[in-house]
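# Fold and geometry: a report
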Amino acid sequence: MIFQPTLDFALQQDEQDELKQFRGEFLIPKHHGQDAIYLCGNSLGLQPRSAKQYIQQQLNAWEDNAVEGWFMGEDPWLSYHKQLIPTLAGILGAKTAEVTIMNSLTVNLHLLMVSFYKPTSKRYKILMEAGAFPSDQYAVESQVKFHGFEPADAVVEVKPRDGEVTLRTEDILQQIKDNADELSLVMFSGINYYTGQFFNLEAIAKAAHQAGAYVGFDLAHAAGNVPVKLHDWDADFACWCSYKYMNSGPGGISGAFVHEKHFNNTTLDRFAGWWGYRHDKRFLMAPGFQPEVGAEGWNVSTAPILLLALHKASLDIFERAGGLKKLRAKSEKLTAYFEFLINGINQSAGDDVYRIITPGNAAERGCQLSVVCKNNARAIFNYLADNGVIGDWREPDVIRLSAVPLYNTFADVYNASEYLFKALTTVK
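Residues numbered from 1 in each chain as written. Predicted model: local features only at pLDDT ≥ 70, side-chain atom pairs only at ≥ 80, totals over all residues. Heavy atoms only, no water.

## Concerning the packing of aromatic side chains
All told, the structure shown has 22 aromatic pairs when counted by the stated rule. An angle of 65° between the planes, with centres 6.2 Å apart, marks the rings of Y193 and Y194 as edge-to-face. Through a chain of ring-to-ring contacts, the aromatic side chains of W70, F71, W77, W274, W275 and F283 assemble into a single cluster. Looking at R270, its charged tip hangs above the ring of W298, at a distance of 3.9 Å from the centre. Above the plane of the ring of W274 lies R282, whose end atom (NZ or CZ) is 5.4 Å from the centre. (Phe/Tyr/Trp six-rings, centres within 6.5 Å; stacked < 30°, edge-to-face > 60°. Lys NZ or Arg CZ within 6 Å of the ring centre and 35° of its normal.)

Structure below.
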């Protein structure tokens, strides 16, 4: 498509957008009485209008049924989570039995590494990308120390080449090959939180298995943003959060994937809890843990119904939108238009005043564009915020801006680009 740097063009695209009605299903923050330009779904998705209704339904069930709510009413709590699984499995490219909903992301990462980080004196290393989100770094560091290894030796970080910001797939695969004899686990983000790079997870999984290692993915910035095929890509495990692109509330409940090939693997360790016990015998309260078949066998604690209700409010919108296929098509176009507008500012300025470090190839990114400001970075970020453009700041000079297809518009990114342009002459 040939883009045009005009508001009329942006409004025309919005009018033709077959997903335009879904913007109205979200509550958009106000700035001086008008909708803010919210471009921070990479950090926290907007609240669905239906969220209060979904929460109220469960509060009513609690009021009416008290403890019997687990077994009676329109949505008995004991099986409430099962309503969410099919949509979630579609988003993650998984079979329904391979997906469960539980805990928070880093808790799930630890629980899954209990099963899939099984170091020996020879195979003990974990390979991950340098600059992964700190929580992943801390989790991996603590896991290797728990097993008696030194992080400086046991954690292999793949870094960009000198003068580059993002990783080359061939360098990741080469590092896996170079460490093949000592690798126990390859643990990679789906999308790097800082650069917005979407990694070739299929190739990484294949290389990890060829090296004799397990492979797991943190999909915090990928789930609900880009298409993934966890089952077909043969990932051993994955986990994600729900509060970014899946709009399920601050600190919203997380999820986990375990490939079906591991369901009957009795050699895998796990930290067990009553909620993961086989369903048909759970209430016998018998000693000796017998896991439920499937990913639910990794559950530990009782399902938090109010968090599940928030998650369901958003997933039901995904379902009505037709899943990720249509959303991804709009996302690619919306992000490409934003990139076009920012590049236009650079052309007008005769300099890369806003350097996009996110890959230009649509297959290597999601919604997020990470923009390095050449001058006055923090002041420009503050100027955007003062004018109702809500993005995300990362030290020392990066502004993350994400146009989410469920609720952002072409007019949003056009107007945001106008403020970026005005900032060049306004901010000192």
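## Some thoughts on the UniProt feature "binding site: pyridoxal 5'-phosphate" (unreviewed entry) in the protein
The UniProt feature table records "binding site: pyridoxal 5'-phosphate" (unreviewed entry) at L105, T106, F133, P134, S135, D136, D218, H221, Y243, W274 and T302. For the residues just named, distributed over 198 residues, the greatest C-alpha separation reaches 31.1 Å, placing them at more than one site. The residue W274 is located in the loop between β12 (255-258) and α9 (305-320) in this model. Overall, the relative accessible area of 32% leaves W274 in the partly exposed class. Checked against the element boundaries, T302 lands in the loop between β12 and α9. Ignoring any residue separated from it by four or fewer positions in sequence, one finds T302 in contact with W70 and W275. (UniProt positions renumbered as here; feature names shortened; annotations may be inferred. Helix = DSSP H or I, 4+ residues; strand = E, 2+ residues; numbered from the N terminus. Buried < 20%, exposed > 50% of the residue type's maximum accessible area, 1.4 Å probe, protein only. Contact = heavy atoms within 4.5 Å.)

## What to know about the sheet that holds β12
Read from one edge of the open sheet, seven strands run β6-β12-β11-β10-β9-β7-β8, paired in mixed fashion. In the strand order of this sheet, the two ends are held by β6 (99-101) and β8 (155-158), each with one partner. Looking at each pair of strands side by side, their axes are set apart by 20° on average, direction ignored. Where β6 lies against β12, three bridges are found, and the strand directions are antiparallel. Note that in β12 the partner of I101 across the bridge is G255. Running at roughly 120° to β6, helix α3 (residues 85-92) makes contact with β6 and β11 (237-240) of the sheet. (Pairing = 2+ DSSP bridges. Axes fitted to C-alpha atoms, helices over the stretch in contact; angles between N-to-C directions.)

## Some points on the sheet that holds strand β16 (residues 392-394)
Here four strands make up an open sheet; going across it, the order is β13-β14-β17-β16 and the pairing antiparallel. The two strands at the open ends of the sheet, each matched to only one other strand, are β13 (354-356) and β16. The sheet shows a mean angle of 30° between the axes of neighbouring strands, taken without regard to direction. Where strand β14 (residues 368-373) lies against strand β17 (residues 398-402), five bridges are found, and the strand directions are antiparallel. For L369, the partnering residue across the bridge sits in β17 and is L401. Across the face of the sheet, helix α10 (residues 324-349) comes into contact with β13, β14 and β17 while running at roughly 145° to β13.

## Here's the deal with the packing of helix α4 (residues 105-116) against helix α5 (residues 134-146)
A packed helix pair is summarised by two numbers, namely the angle formed by the two axes and the spacing between the axes. Between α4 and α5, whose axes approach to 10 Å, the crossing angle comes to 30°. By the angle between their axes, α4 is roughly parallel relative to α5. Handedness of the crossing formed by α4 with α5: right-handed. Across from L105, T106, L109, H110 and M113 in α4, the residues of α5 making contact are S135, D136, A139, V140, S142 and Q143. Split by residue class, the contact of α4 with α5 holds five nonpolar, five polar and one charged. (Parallel < 35°, antiparallel > 145°, perpendicular 65-115°, else oblique. Left-handed = near helix turned anticlockwise from the far one by under 90°. Nonpolar A, V, L, I, M, F, W, Y, C, P; charged D, E, K, R; others polar.)

## Details of the UniProt feature "modified residue: N6-(pyridoxal phosphate)lysine" (unreviewed entry) in the protein
Mapped onto this numbering, the UniProt entry gives "modified residue: N6-(pyridoxal phosphate)lysine" (unreviewed entry) at K244. By secondary structure assignment, the location of K244 is in the loop between β11 and β12. Discounting chain neighbours no more than four positions away, the residues touching K244 are G41, N42, S43, L44, G45, A220 and H221.

## A look at the pairing of strand β9 (residues 183-189)
Across the seven residues that make up β9, a large majority, seven, are buried. Two elements, strand β7 (residues 125-129) and β9, share three bridges in a ladder whose sense is parallel. Residue I126 lies in a different strand from β9, and its bridge partner there is L185. Alignment of β9 against strand β10 (residues 214-218), held across five bridges, turns out to be parallel. In the sheet register, V186 faces β10, and the bridge partner there is V215. Traced from β9 through helix α8 (residues 201-210) to β10, the parallel crossover comes out right-handed. (Right-handed = clockwise from strand over helix to strand, strands pointing away.)

## Some words on α10
Residue pairs three or four apart in sequence face the same way in an α-helix, which turns once every 3.6 residues. Here α10 spans 37 Å end to end across 26 residues, near enough to the 38 Å set by a 1.5 Å rise per residue. Positive backbone phi, at 70°, marks G350, one or two positions downstream of α10. (Expected span 1.5 Å × (residues − 1).)

## Looking at unusual backbone geometry
Peptide bonds are mostly trans, and most non-glycine residues show a negative phi. Here E395 and P396 are connected by a cis peptide whose omega angle stands at 0°. Look at N103: it is not a glycine, yet its phi comes out positive at around 55°. Structurally, N103 can be placed in the loop between β6 and α4. The exposure class of N103 is partly exposed, given its relative accessible area of 25%. Backbone geometry places D234, a non-glycine residue, at a positive phi of 65°. Mapped onto the elements of the fold, D234 is located in the loop between β10 and β11. A relative accessible area of 28% places D234 in the partly exposed class.

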